[in-house]
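Summary of the model geometry
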Amino acid sequence: MSSSVATALSAPVPQRYLKEKKVGEGTYAVVYLGKQVDTRRRIAIKEIKTGLFKDGLDMSALREVKYLQELKHPNVIELIDVFLSSNNLNLVLEFLPADLEVLIKDTSIVFKSADIKSWLLMTLRGIHHCHRNFILHRDLKPNNLLIAPDGQLKIADFGLARSLGNANEDLSANVVTRWYRAPELLFGAKHYTAAIDIWSIGIIFAELMLRTPYLPGKDDLDQLDVTFRALGTPTEQIWPNVSSLPVYNALKVYAPPSKQELRQRFSAATEKALDLMISMTQLDPSRRCDLVKALLHEYFIELPLPTPPEELPKKTEKKDKEESESKRRKI
Amino acid sequence: MAQQPVSPEMVNYLVATTNSIIQVKPQPRKFSTISTDDLLVAPAVKTVSLGHFIRRLIKYSNVQTPTLMATCVYLTKVRNLLPANAVGMETTRHRIFLAALILSAKSLNDSSPLNKHWTKYTDGLLTNDEVNMAERELLGLLKWDINIKQHELDVALEPFLHTIKTSLAAHLDQVSAQKVNYYRLSNTYRTSSPISSRSSSTSSIASHSSSLSLNEGPASNYSLQSLVQEEAEIKGHIYRPPLANKSTNTLNVPPRKDVYGMAMV
């Protein structure tokens, strides 16, 4: 992977990759599907839009490169190469045809509880790998959990990730897509821990069971309201020192939901599933379980066992194409 | 070390490292764009001295020690990558340093100046395009391998580790001596001559160490307690692997309670 950059500087457009089709465009990048010329491997190319000659390299692109180089794990997206084309930075990533959001929204797919367990397990494994390398993802949501042709779930988009450095260093509270933002972030905490990623996973877990976003706040203030209506307003009693956070407010005090209420809300969940979800969505970050505890939770041992990745439901359309795809990649 | 403010020793070390990267050929007339005005300290070279340049960058951008530690690693990497006979122009070292600093600041901190701000911080030495170019070239040179491994950090910062180690040993000696004297002399330890001579001898070792904030005040003013505290601090720094801080940065400090028990609330 490394030699290409040197050549990229002299020969601007390396012919090692072919861009075939534009598949998505965001504010910050355009994504193309393509092929690696010599191996015929299918790839995705993320072209960072910010012009290199204006403000220099984009910070989030730089971080994404840095962390993806560092993290190699079956449940983290693989960065194959980086190159500079005429004016843009290009990240060559492994080709992942679907994401969890697409599957959640696809009403023709039925999620078995074993499927949910499998996805959750793969997410936890990937994030565990990040956390044990002292990297916070800070933008977990179904949309960033991509699905490989062989069913493996891969964590993507490390543009907001950062390494956990000094305890006295200020961190930005303005991270994570709103619906998946932990309460300490909503209160503007400048010091937070890996627990913010756990919260996001807990909310994703709930979304997988409900098939609809669990805490869809309309704006930042509404997010507080929605969150606390569902999970109770944090008080000094259940979360010591919460009121000292920068933008703490408890305008409306909601009582925390009873276990019975939660059982009704997640009617399909077993007691153990519910227990895991509750411990991942504790309002007080110091009470939230950590990844090791989550991975060792009895939920993953009780029947039904997690579905093997290759048997997980896939996007309904283009099924044949994907299958031939996975065969090709195994060669 | 990572928690200390930026020390002059750190800056000097950065200057020395940057100087050792590449030899430059003084060609003062060729690059007329270089402004050579009042900033000049030593007029031998017709450009801002590297030390000055680096000090100003650090001051303007307000970067912290960990960022500079990372910068150091990149500089060391570049030194190993460049052929020994490479010759740069006058501002090559400035450019390399700036690029390394930008790279570390962008990849480590949540907010970093944009390149146009960095350009301003060079006081007109470089243009925005030149800064961008330097950044790109550094990444090309590093072949995008921008991760910092433990051993690279150890190598790049070896002199600091060494001084920390020596002064730690010195402090342990000193503290035990202090303790002995303390008990012996009861509460007159402050002014007793054996201690002050001891302290001054050790503080001369410590004065060239970077991260110990020992340099203020005469040595005889140290109270036993502050020394013990300092020793504990130093210990903490030594045994913790740099940049891979395991310190859980706690939002709230109550001891962890049983998660599942609490879940029932």
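Where an unreviewed UniProt entry is consulted, chain A appears under the name TFIIH complex serine/threonine-protein kinase subunit kin28, with the organism given as Naganishia cerealis.

1. Some words on the overall build of chain A
In terms of regular secondary structure, chain A is built from eleven helices and ten strands. Counting only residues that meet the buried cut, chain A has 58% of its 331 residues in that class. Of the accessible surface of chain A, which amounts to about 13,700 Å², a share of 55% is contributed by carbon and sulfur atoms.

2. Digging into the pairing of strand β4 (residues 79-84) of chain A
Residue and element names in this part refer to chain A. When you tally the buried positions in β4, you get six out of six residues, the bulk of the element. Pairing of β4 with strand β5 (residues 89-94), which is carried by five bridges, proceeds in the antiparallel orientation. Its bridge partner lying in β5, L79 is registered against L93.

3. Structural notes on the domain arrangement of chain A
Residues and elements named next belong to chain A. One can read the domain layout of chain A as domain 1 (15-94) and domain 2 (98-311). The distance between the C-alpha centroids of domain 1 and domain 2 comes to 28 Å. Counting from both sides, the interface comprises 15 residues of domain 1 and, opposite them, 21 residues of domain 2. Across the interface of domain 1 and domain 2, roughly 1,500 Å² is buried in total on both sides, 57% from carbon and sulfur atoms. The interface formed by domain 1 and domain 2 contains one salt bridge. As a salt-bridge pair, K154 and E94 come within 3.6 Å of each other at their nearest N and O atoms. Inspection of the domain 1/domain 2 interface yields nine residue pairs in polar contact (both at pLDDT 80 or more). Residue contributions to the side of domain 1 that touches domain 2 peak at six residues, all from helix α2 (residues 59-70). Taken together, the residues that form the side of domain 1 that touches domain 2 break down as six nonpolar, three polar and six charged.

4. Notes on the sheet that holds strand β6 (residues 98-99) of chain A
Residue and element names in this part refer to chain A. Read across the sheet, three strands follow the order β6-β8-β9 without closing on themselves; strand pairing throughout is antiparallel. Edge strands, defined here as strands with exactly one partner in the open sheet, are β6 and β9 (153-155). Relative to β9, strand β8 (residues 145-147) is paired through three bridges, and the arrangement is antiparallel. Across the sheet, L146 pairs through a bridge with K154, a residue of β9. With respect to the sheet, helix α4 (residues 113-132) is in contact with β8 and β9, its orientation differing from that of β9 by roughly 35°.

5. Observations regarding the sheet that holds strand β1 (residues 17-25) of chain A
All names here are of chain A. Pairing is antiparallel in the open sheet, where five strands are placed in the order β1-β2-β3-β5-β4. Two strands close off the open sheet at either side, each with one partner strand: β1 and β4. Neighbouring strand axes in the sheet, compared pairwise and without regard to direction, differ in orientation by 25° on average. Across seven bridges, the pairing between β1 and strand β2 (residues 29-36) is antiparallel.

6. Examining the confidence of the model for chain B
Residue and element names in this part refer to chain B. The pLDDT averaged across chain B works out to 67; a share of 60% of its residues lies at or above 70. In the model of chain B, helix α11 (residues 259-263) stands out as the element of lowest mean pLDDT, 40, in contrast to helix α4 (residues 92-108), which has the highest, 86. Long-range and interchain partners of residues 192-224, a stretch whose pLDDT sits below 50, account for 48 contacts in this model, where long-range means more than four residues apart. Quick note on the complex model: pTM equals 0.72, ipTM equals 0.72.

What counts and what doesn't
- Residues numbered from 1 in each chain as written.
- Chains lettered and ligands numbered in written order.
- Predicted model: local features only at pLDDT ≥ 70, side-chain atom pairs only at ≥ 80, totals over all residues.
- Heavy atoms only, no water.
- Helix = DSSP H or I, 4+ residues; strand = E, 2+ residues; numbered from the N terminus.
- Buried < 20%, exposed > 50% of the residue type's maximum accessible area, 1.4 Å probe, protein only.
- Areas by Shrake-Rupley, 256 points an atom, 1.4 Å probe, with all protein chains shown as cover.
- Pairing = 2+ DSSP bridges.
- Domains from an automatic or database assignment.
- Contact = heavy atoms within 4.5 Å.
- Buried area = accessible area lost by both parts, 1.4 Å probe.
- Salt bridge = Lys/Arg side-chain N within 4 Å of Asp/Glu carboxyl O.
- Polar contact = N/O pair within 3.5 Å; in protein donor to acceptor, adjacent residues only side chain to side chain.
- Nonpolar A, V, L, I, M, F, W, Y, C, P; charged D, E, K, R; others polar.
- Axes fitted to C-alpha atoms, helices over the stretch in contact; angles between N-to-C directions.
- pLDDT = per-residue confidence, 0-100.

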